[in-house]
Amino acid sequence: MITLALFVVLAATAIVAGALVFRVDSMARATFLLLLSFLAVAGLVLMTGLQYLGVVIVLMMVIEMVVMAVFMIMYMMNPAGLMTMTMFHNTRGAVAIAATVFVALAAGALVVDWPVRGGVPAPDLTMALGESLMSGQMLTMMTLGVTLFATIVGSVVLATGRGRYDRLGDDLGAAESDDRDRGGVGR
Amino acid sequence: MDLRRALLRAAAARPHVLIIGGLGTDRLRARVEQEVARRGWPVASAPADADVVVVIGRPGPELRAVIDGVWTGVPAPRSQIWITDEDEVSSALDDSVQELADLAAQRAHAPRSGLPAIHTGVFPPEQGHDISEQSGHDEPGEHGHHHHDGGMELPGGLAMADLGEDRDGLALDQLHVPLGPVLPEWPSGLVVDIVLQGDVIQEARSRFLDDVAAVERQPDAARALDSAARVLALSGWEGPAARARGLRDVLLFGGGETVRILEELDDLRRRVRRSRLLRWVLRSAGAGRSEVLEALDDKLLSARAAVAGAGAEAPVATDLPSLDARLVGVEFAAARLIVAVADPLPQPALARPTDQGGAS
Amino acid sequence: MNVALPLGWAVLLPVLLLAVAWAAVAADVVVAGRAAGRPVPWTTAAALPGREALRLLVGQRRRAVAGDELLRGVGGAVLPIAALLAAAVLPLGLRPVADLGVGIVWFNAMEVFAWAAVWLVGWGANSTMSLIGGYRFVAQGLGWELPHMFALITAAIGAQSLRVSDVVAAQQGLWFVVIMPVAFVAFLLSVAAMAFWGPFGAPVGRDLAGGAAAELGGVDRLVVLTGRWLLLVAAAAMAVPLFLGGGHGPWLPAWAWVLVKTLAVLAALVGLRHRIPTIRMERWTEFSLVVLTPATIAQALVVTLVVLGEGGV
């Protein structure tokens, strides 16, 4: 009974907060409503007994949304989101895509037979998850990790206006960079 | 009812004090700061943090407008006192505690239904307009004209941001904000109108509020120590900053022997020079050279020379245009240090020869 | 094995944290007075946290003109709540209030809520100073979060468990601080940083007239300031089970050891605070990413090799 009530509350929060993201006028509110939606989803994951995944979703989503907020200030410095603004772009296309995806997913859920559980859950789900990721799925995870990291480094290199040859000289011989705002190490 | 009175009295025993003064009130400010420190009262960081607003000297019309704006943002229980003479400092502070603990008076004067937050150092809308127009930042127009090109006036007096290129050439938002005159560790009466992007200053134009004809000057040693204390406090070194202020007070109002002052000054200088972390924090671009740290050391040195009666040259005060030039392109925390070190003086005072030196 | 304390302790936990925070504030006042050359008597200092709290309770609240009251309120409330939830996995003795299998990750996830909280408080006030303060904290956070996570992971590797009570049990013989000193130092740095306190106080710095908290008055200010001290206490107390052997020690009962060690960590932090200037974020981020992060990764690697060498996993 409590489980059901909790499930309903979390599921409703996830959907309503997600929908409200498109109803509010402030970018900050939209960002943190999205976070609320994710937190409710993390709660649902926790309810399935996947403690590690649930808590990690909380951890990652909080950091992610706040980092998103930093970009928001960069582009729009008005504190408290004074100007009301619309959160929609390309309305018609978005409606078409959203409707198609919803119909496809809903149809999938209704049409396809749901799998029946075979076997029992591992005694320690965190341990089982770790073993799966670090044995069977090792290659996938390693490829994913390195690709993501390479993407981050690559985009920073492409975006930076002053590379290390500008900062440290053509032979990289300078003891310290000549940046205006000096970092803590000086490289 | 009695309980409320008792609570109010207990809460008023250690009020946070916000000191506001115009140009040329430094000596009186030092006296108030000394008395506040002696009582162990903290100095408020912002109007929201203040219980007692101490207005020192006789503020001109521009500063008066700022004080009114600040006052609307001070939460009740609150008290405003005006001090024009060194003799009344102690009794005025006592009166303020009385007023804070007076339930009836606070009830009568408290702003209804919560307080509007005003922006620290930002003028209320009307004054903001007038001043920015006077300073020639904006072409004068009818009242209600947009604050700045493309900008939009919004509720709360903060101008809508507009776009500008950042250091990497990206078009990002800019804000137009006046810094001062009510800011912690800020030179009296100074206002710097800045264009801010993120926390990088893109344009700066500094001015003094209210043209004060004759500016009372502090002795050079006290002035140098005052500025050094600001730099130390902004660097987060509250202890040494308080010690520097204590030395300043001894120089201004007596109460210590020259030998002991010299000893303490040497001790302070040694601590500043020896701290690797301070050097790390203050060091700016260019192979470890630090303008701020060197200037800090110079100030302590010149204070020492003045106390010792060696007839050192007056510390070099920066004029406003060169201060503006140095602020452009720096990050906010660095800008605060630069202003604290520069310790600018209005032009006429710069030209006057310094006749006072050493302890007075 | 779940060794959680009875549920009644959940009520006692906030009281305990507040009491320790009270002591920490009082000690901070005493040390600050000594640093400034104006000593504050112990009796005054001991009453001071209560006096300040009363001042803020009596004081009027402020409403930000055109500010986002909702977000500011949420941000302020999240701070103490996050601190309390983070402290739930803290063994008070040998047993925590909530003995989660992923306790270390839980602690990390809760304390990261401070990011959102400080940013929201800074944003909602509709003031430039608050805004700069709010995002100074995020910039600092990006700097300390990675070394902090590696420090947490290193302790978990040493115990081969994410459960905090297992980490304590693994230190029956040798405290982890001995085999992972780099992780310990990185953790202590991030304790001060996550509470935006002391050398990491730039988000509420004096140069910003109080930064993220600049526009807060009355009870709003009290909630944020209390939340900040609770966060500091909870994080400092976490150093005890992770690196300082938890409740293990001779003569005294386990709870007493936890208390003594927590107070010792706090005393060290408070004592150091007044010797160290505020670290500007552009200095901190580069140092953190270029020096501290590789150092903590190397530390984790060394500990992993030691664990493998002893035939672990």
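Looking at an unreviewed UniProt entry, chain C carries the name NADH-quinone oxidoreductase subunit H, with the source organism given as Actinomycetospora chibensis. A UniProt comment under Sequence similarities (unreviewed entry) is attached to chain C, and it reads "Belongs to the complex I subunit 1 family."

Turning our eyes to something else, we now look at the overall build of chain B. Helix and strand content of chain B: 14 helices and 8 strands. The buried share among the 360 residues of chain B stands at 50%. If you take every contact in chain B between residues at least 6 apart in sequence, the share linking residues at least 24 apart comes to 70%.

With that settled, the discussion passes to the UniProt feature "transmembrane region" (unreviewed entry) in chain C. Residues and elements named next belong to chain C. In this structure's numbering, the residues bearing the UniProt feature "transmembrane region" (unreviewed entry) are residues 70-94, 100-121, 142-162, 174-197, 229-248, 254-272 and 284-308. The distance from the first to the last C-alpha atom of residues 70-94 is 40 Å, and the span holds 72% helix and 0% strand. For the annotated span residues 174-197, helix accounts for 75% and strand for 0% of the residues, and the straight-line distance between the end C-alpha atoms is 31 Å.

Each pair of packed helices can be summarised by the angle the axes make with each other and by the distance between the axes. Residues and elements named next belong to chain B. Two numbers describe how helix 8 (residues 238-253) lies on helix 9 (residues 258-274): the axes approach to 11 Å, and their chain directions differ by 155°. With respect to their mutual orientation, helix 8 and helix 9 come out roughly antiparallel. Helix-helix and strand crossings are classified by hand; for helix 8 and helix 9 the assignment is left-handed. Residues P240, R243, A244, L247, V250 and L251 of helix 8 form the contact with helix 9, whose participating residues are I261, E264, L265, L268 and R271. Classifying every residue of the contact of helix 8 with helix 9 gives 8 nonpolar, no polar and 3 charged.

Here we take up the nonpolar core. Generally speaking, nonpolar side chains in soluble globular proteins are found buried as a group. In this structure, V62(A), V54(B), W115(C), W119(C), V233(C) and A234(C) are the most contacted members of the largest nonpolar core, which totals 228 residues. It is helix 10 (residues 218-243) of chain C that provides the largest number of residues to this core, a total of 18 residues. Ignoring sequence-local partners within four residues, the contact set of W119(C) consists of V66(A), A69(A), G134(C), Y135(C), F137(C) and V138(C). Counting residues in hydrophobic clusters, the runner-up holds 5 residues, among them A11(B), A12(B), L100(B) and A101(B).

This part is about the environment of A156(C). Summarising the element assignment, A156(C) is placed in helix 6 (residues 128-159). As for A156(C) and I104(C), which are separated by 52 residues in sequence, their C-alpha atoms are 7.6 Å apart.

A cis amide bond, omega -5°, links A76(B) with the succeeding residue P77(B). Positive phi outside glycine occurs at F196(C), with the angle close to 35°. Within the secondary structure, F196(C) is located in the loop between helix 9 (181-194) and helix 10.

Quick look at the environment of L242(C) now. Residues and elements named next belong to chain C. Mapped onto the secondary structure, L242 falls in helix 10. The class of L242 is buried, set by 29 C-beta atoms lying within 10 Å. In this structure the C-alpha to C-alpha distance between L242 and L146, which are 96 residues apart in sequence, comes to 17 Å. Residues in contact with L242, not counting those within four places in the same chain, are A155, V167, F176 and F187.

What follows concerns the domain arrangement of chain B. Residues and elements named next belong to chain B. Annotation of chain B at the domain level lists domain 1 (2-109) and domain 2 (220-351). Facing the 8 residues of domain 1 at the interface are 8 residues of domain 2. Residues belonging to the side of domain 1 that touches domain 2 are distributed by class as follows: 3 nonpolar, 1 polar and 4 charged.

With that settled, the discussion passes to the pairing of strand 1 (residues 17-21) of chain B. Residue and element names in this part refer to chain B. For strand 1, the buried fraction is high: 5 of the 5 residues fall into the buried class. By the alternation rule, side chains of strand 1 split into V17, I19 and G21 and L18 and I20, which are all buried. Judged from the 5 bridges that link them, strand 1 and strand 2 (residues 52-56) form a sheet pairing that is parallel. Bridged to L18 within strand 2 is V53. For the handedness criterion, the β-α-β arrangement of strand 1, helix 2 (residues 26-38) and strand 2 is classed as left-handed.

Definitions and limits used
Residues numbered from 1 in each chain as written. Chains lettered and ligands numbered in written order. Predicted model: local features only at pLDDT ≥ 70, side-chain atom pairs only at ≥ 80, totals over all residues. UniProt positions renumbered as here; feature names shortened; annotations may be inferred. Helix = DSSP H or I, 4+ residues; strand = E, 2+ residues; numbered from the N terminus. Buried ≥ 20, exposed ≤ 12 C-beta atoms within 10 Å, placed from the backbone. Contact = placed C-beta atoms within 7 Å. Axes fitted to C-alpha atoms, helices over the stretch in contact; angles between N-to-C directions. Parallel < 35°, antiparallel > 145°, perpendicular 65-115°, else oblique. Left-handed = near helix turned anticlockwise from the far one by under 90°. Nonpolar A, V, L, I, M, F, W, Y, C, P; charged D, E, K, R; others polar. Core = buried A, V, L, I, M, F, W, Y, C linked by C-beta atoms within 7 Å. Domains from an automatic or database assignment. Pairing = 2+ DSSP bridges. Right-handed = clockwise from strand over helix to strand, strands pointing away.

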